[in-house]
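Coordinate inspection notes
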Amino acid sequence: YMHPEVGVTSTDGACFGRNYFGRASAAETEDDEFADERAEILEEAAALKKLAMDYMHPEVGVTSTDGAAFGRNFFSRPSAPEMEDMEEAEERALVLAEAAALKKSAVDYMHPEVGVTSTDGAC
């Protein structure tokens, strides 16, 4: 009992078992319909076990080699919006610089306690 790896050694003829499945009075084997249903149930149980493991261990990650699982490049597709040219980029930079200057003026106006700093010696 404590060491099942040792095994049982015996030469007594009364120690051997009887095959209860191949005897004439054995119960009938199960139908193909029940065997198919049992196989489906076991497949579903294995799939549910895999889903439960995926849910409980998100650190494992996802592995897939299916071509349909990969994403699309939305930037190089034919229906993608056009890229802005150099003129529009310069105009955008100018507008952002003006907005930053206006923000600085608004902050200076709302906080007069900050004071004015000058680096010019003639001031």
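The notes below deal with the structure included here. (Residues numbered from 1 in each chain as written. Predicted model: local features only at pLDDT ≥ 70, side-chain atom pairs only at ≥ 80, totals over all residues. Heavy atoms only, no water.)

Scanning the protein chain from N- to C-terminus turns up two helices and zero strands. For the protein chain, the accessible surface area stands at approximately 12700 Å², while carbon and sulfur atoms represent 60% of it. (Helix = DSSP H or I, 4+ residues; strand = E, 2+ residues; numbered from the N terminus. Areas by Shrake-Rupley, 256 points an atom, 1.4 Å probe, with all protein chains shown as cover.)

Moving on, we come to the pattern of salt bridges. Following the criterion strictly, the structure yields two salt bridges and no others. A salt bridge links Lys50 to Asp54, with the shortest nitrogen-to-oxygen separation between them at 3.1 Å. Of this pair, Lys50 and Asp54 both sit in helix H1 (residues 32-56), four residues apart, which is roughly one turn of that helix. Using a relative accessible area of 54% as the deciding quantity, one classes Lys50 as exposed. Residue Lys104 is joined to Asp108 by a salt bridge in which the shortest nitrogen-to-oxygen separation is 3.1 Å. With Lys104 and Asp108 both in helix H2 (residues 86-110) and four residues apart, this pair spans about one turn of that helix. (Salt bridge = Lys/Arg side-chain N within 4 Å of Asp/Glu carboxyl O. Buried < 20%, exposed > 50% of the residue type's maximum accessible area, 1.4 Å probe, protein only.)

This part takes up a negative patch on the surface. On the surface, Asp31, Asp32, Glu33, Asp36, Glu37, Glu40, Glu43 and Glu44 cluster together to form a negatively charged patch. Position of Asp31 relative to the elements: it lies in the segment before H1. (Patch = residues over 30% accessible without salt bridge, like charges linked within 9 Å, V, L, I, M, F, W, Y side chains within 5 Å. Lys, Arg positive; Asp, Glu negative; His and termini not counted. Charge placed at Lys NZ, Arg CZ, Asp CG, Glu CD.)

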